[in-house]
Amino acid sequence: MSDARDDIVTVGLLAEGTHDPGTPPAGIRRAPTGVDDLATEHLIVNMGPQHPSTHGVLRLLVELDGEEIKNAEVTLGYLHRGIEKLAEHRRFDAIGTLMDRGDYVSGIMGETAVALAVEQLMEIEVPRRARWIRVMMAEINRIATHLLWYGTMGLDTGAMGPFLYAMRDRESLLDILEAVSGARMMFNYVRPGGVVADLPVGIDTKIREFCDAFDTYVEEHDAILSGNEIFQARLNGIGVIDAEKAFAFGLTGPNLRAAGVDFDLRKRRPYDAYDEMDFDVPLGTTGDAMDRFSVRMEEMRQSNRIIRQCIEGMPEGEHTAKVPKVLRPPAGEVYASVESARGEVGVHLVTDGGMSPYRMHYHGPSLYALQALEDIIPGHLIADGCVMIGSTDIMLGEVDR
Amino acid sequence: MRPGIDDIRTLVAAAGVAVEAEDAALGVVARVAAHDAIDALSAFSAGGYESLVDFDGIDTGEAIELTWRLRSYSMDCEAYLKTTVAYDAEIHSAWNVYPSALMPERETAELLGLRLAGHPNPKRLFTTDGIPPLLRKDVAIRSEEEVKNR
């Protein structure tokens, strides 16, 4: 024991102007000599919840060699909203609000998936105005969701400022969503046949103001992070998910498009009024964290473009089709999916002719992203693990549903 | 988009698997026996369906029906594979064919009371041991009274 202590050298105060760069500052003790040769064992650590959207529901069981992650296992639980089971005991027009509690920051998209499934089963023709309203609301919700991701992406790399700026813009969007739907989070706005209420008077002015302001703000957001050298160093080449790996792990949405795969349900399987909209689908090249960042930044610009088109060309007409008070689709099964902010949100709906679904399966993209994370995290440092989780933009509400 | 029904029939049959195919409201659906499911999935994979985008199960009241949703990005189309297994049956993992089956298989097995074989990590994903298979029809949800009296 005493041998080790003998190796510790305490450095005294240096005389002014005699600083030797090879000497530690005053009061700092050197590590015992030979410390690099010490035999160490791998450490098993429970990591997380670390990201805001993983609170209490996700931890990584990681095997560490120093700061390097040798192995990672995703451990889930316990949110347990029981959405799928509850849906079997709810009427068809009430399932949407369960979906709000899945991916709880992209509620409009989840509600739309259920509505599309019921409309397919019942062959309901949705009025054109309702389809346009749905598109506009979904894109407003997409920007709000991407802003939350943007802010937390900054936090994951050690930057606090971008989160505050993102919240400023997100508040404006939540004001609009609240004015239209009555809620800032659990919207319950999209219903089979259309939307529950028409747009309030004067909302177009508010939306236009946001679109104009956001044209400037999005460039600021982009510059604050993507123009930062530290941020670039943290993201470039980190967590590469190429197209082959993305296919293998069933990735969809921005994570897939960052790998260069041109697949967006809004273009490939247009629903609502997306076939009437003019927008581009941004793609990455290598599939690293920076590509995932860049794709989402550009998606915000494109969403703003779509919102502007909606507000300028909003057709007149009914906000909902004439649907029975109690929906009773005929027996059968359908699968409807929408392009949510995180990827493909799908609903596999099975009915037996009753007033509630016989079975409703909720497909969310984050479960599949987690599988890919288990594969790509090993070999990286702990800090890079945080960046990778942030860059895939997972939402645990849709995983442990 | 929907593939041709004959294309799907030919694709699966080429693997030596007896298949019934139909063009249903869900999409183009291939039905195979449970013991042929992995071979059928391998045939889909070899036939250009690069991704398994979803996997789930349904308690039909008599058995468990499993549904795989497969997508070909190169051909821009989707197809469904279905099979039926008995309650408490053992299903073989497809993770070697489609790695994306890793977690949905754990979820489906756990919530519908199936046993998972050939999976690298077959433990429960969401719930703890002792919790019944919640998505089975014979597992009732708690009434309001039961919740209040808990």
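Residues numbered from 1 in each chain as written. Chains lettered and ligands numbered in written order. Predicted model: local features only at pLDDT ≥ 70, side-chain atom pairs only at ≥ 80, totals over all residues. Heavy atoms only, no water.

1. Digging into the environment of Ala289 of chain A
Residues and elements named next belong to chain A. The condition that has to hold: Each helix is a run of H or I in the DSSP string that is no shorter than four residues. Each strand is a run of E no shorter than two, and both are numbered from the N terminus. Three exposure classes are used, based on accessible area relative to the maximum for each residue type with a 1.4 Å probe and protein chains only: buried under 20%, partly exposed in between, and exposed over 50%. In this analysis, two residues are considered to be in contact whenever any of their non-hydrogen atoms come within 4.5 Å of each other.
On the secondary structure map, Ala289 appears in helix α12 (residues 289–313). For Ala289, a relative accessible area of 1% translates into the label buried. For Ala289 and Val387, which are 98 residues apart along the polypeptide, the C-alpha to C-alpha distance reads 7.7 Å. Setting aside residues no more than four positions away along its own chain, Ala289 makes contact with Leu235, Ile238, Gly239, Val387 and Ser391.

2. As for the packing of helix α6 (residues 161–181) of chain A against helix α7 (residues 203–226) of chain A
Residues and elements named next belong to chain A. Spelled out, the test is: As a rule, the C-alpha atoms of each element are fitted with a line to give its axis, helices using only the stretch in contact, and angles between N-to-C directions run from 0 to 180 degrees. Comment on the angle field: the value is read as roughly parallel under 35 degrees, roughly antiparallel over 145, roughly perpendicular from 65 to 115, and oblique elsewhere. Whether a crossing is left-handed or right-handed is set by the direction in which the near helix is turned from the far one by less than a right angle, anticlockwise for left-handed and clockwise for right-handed. Under the scheme applied, nonpolar residues are Ala, Val, Leu, Ile, Met, Phe, Trp, Tyr, Cys and Pro; charged residues are Asp, Glu, Lys and Arg; polar residues are all the others, including Gly.
Here α6 crosses α7 at 160°, and the two axes come no closer than 11 Å. On the basis of their axis angle, the class for α6 and α7 is roughly antiparallel. Here α6 runs over α7; the crossing is left-handed. Touching Pro162, Tyr165, Ala166, Arg168, Asp169, Ser172, Leu173, Ile176, Ala179 and Val180 of α6 are Ile203, Lys206, Ile207, Phe210, Phe214, Tyr217, Glu220, His221, Ile224 and Leu225, all from α7. Each residue belonging to the contact of α6 with α7 can be placed in one class, and the counts come to 14 nonpolar, two polar and four charged.

3. As for empty space enclosed by the protein
All names here are of chain A. Spelled out, the test is: Definitions used for this entry: grid spacing 1 Å over protein atoms alone; cavity, a set of points where a 1.4 Å probe fits but cannot get out; pocket, an open set with protein on both sides within 12 Å along at least 5 of 7 lines; lining residue, one with an atom within 4 Å of a point. Grid points are joined across faces, edges and corners, and a volume is the space filled by probe spheres set on the points.
Tallying each qualifying case throughout the model produces six cavities of 30 Å³ or more. Of the volumes computed, that of the largest cavity is approximately 60 Å³. Along its surface, the largest cavity is lined by Met47, Gly48, Pro49, Gln50, His51, Thr54, Leu58, Arg59, Leu60 and Ile389.

4. Points about the interface of chain B and chain A
Stated formally: A 1.4 Å probe defines the accessible area here, and the buried area is the portion of it lost by two parts on being joined, summed over both. When a carboxyl oxygen of Asp or Glu is within 4 Å of a side-chain nitrogen of Lys or Arg, the pair counts as a salt bridge. By the criterion applied in these results, polar contacts are pairs of N or O atoms within 3.5 Å in which, for protein atoms, one can donate a hydrogen and the other can accept it, and in which residues neighboring in sequence qualify only through two side-chain atoms.
Counting residues at the interface gives 45 residues for chain B, matched by 41 residues for chain A. Between chain B and chain A the total buried area reaches about 3,500 Å² when both faces are included, carbon and sulfur atoms providing 54% of it. The largest contributions to the chain B side of the interface with chain A come from Tyr73, Met103 and Phe126 of chain B, which together make up 19% of the buried area. Notably, a salt bridge pairs Glu107 of chain B with Arg401 of chain A, separated by 2.1 Å at the nearest N-O pair. Inspection of the region where chain B meets chain A yields 31 residue pairs in polar contact (both at pLDDT 80 or more). Every element with two or more residues in the side of chain B that touches chain A is listed here: β3 (51–59), β4 (64–72), β5 (77–85) and α3 (102–112) of chain B. Considering every element that reaches the side of chain B that touches chain A, the biggest residue donor is β3 of chain B, with nine residues. A breakdown of the residues in the side of chain B that touches chain A according to their chemical character gives 22 nonpolar, nine polar and 14 charged.

5. Observations concerning the confidence of the model for chain B
Note the cut-off: One confidence number per residue, pLDDT, is output by the predictor and ranges from 0 to 100.
Here chain B averages 94 in pLDDT, and 100% of its residues register 70 or above. At the level of chain-chain contacts, confidence expressed as ipTM amounts to 0.95, with global pTM at 0.90.

6. Section: the environment of Ala40 of chain B
All names here are of chain B. With respect to the helices and strands, the residue Ala40 is situated in helix α2 (residues 37–46). Relative accessible area serves as the criterion here: at 0%, Ala40 is assigned to the buried category. Sequence separation between Ala40 and Ala15 is 25 residues, and the spatial gap between their C-alpha atoms is 6.8 Å. Residue contacts for Ala40: discarding those within four places in its chain leaves Val12, Val17, Val32 and Leu81.

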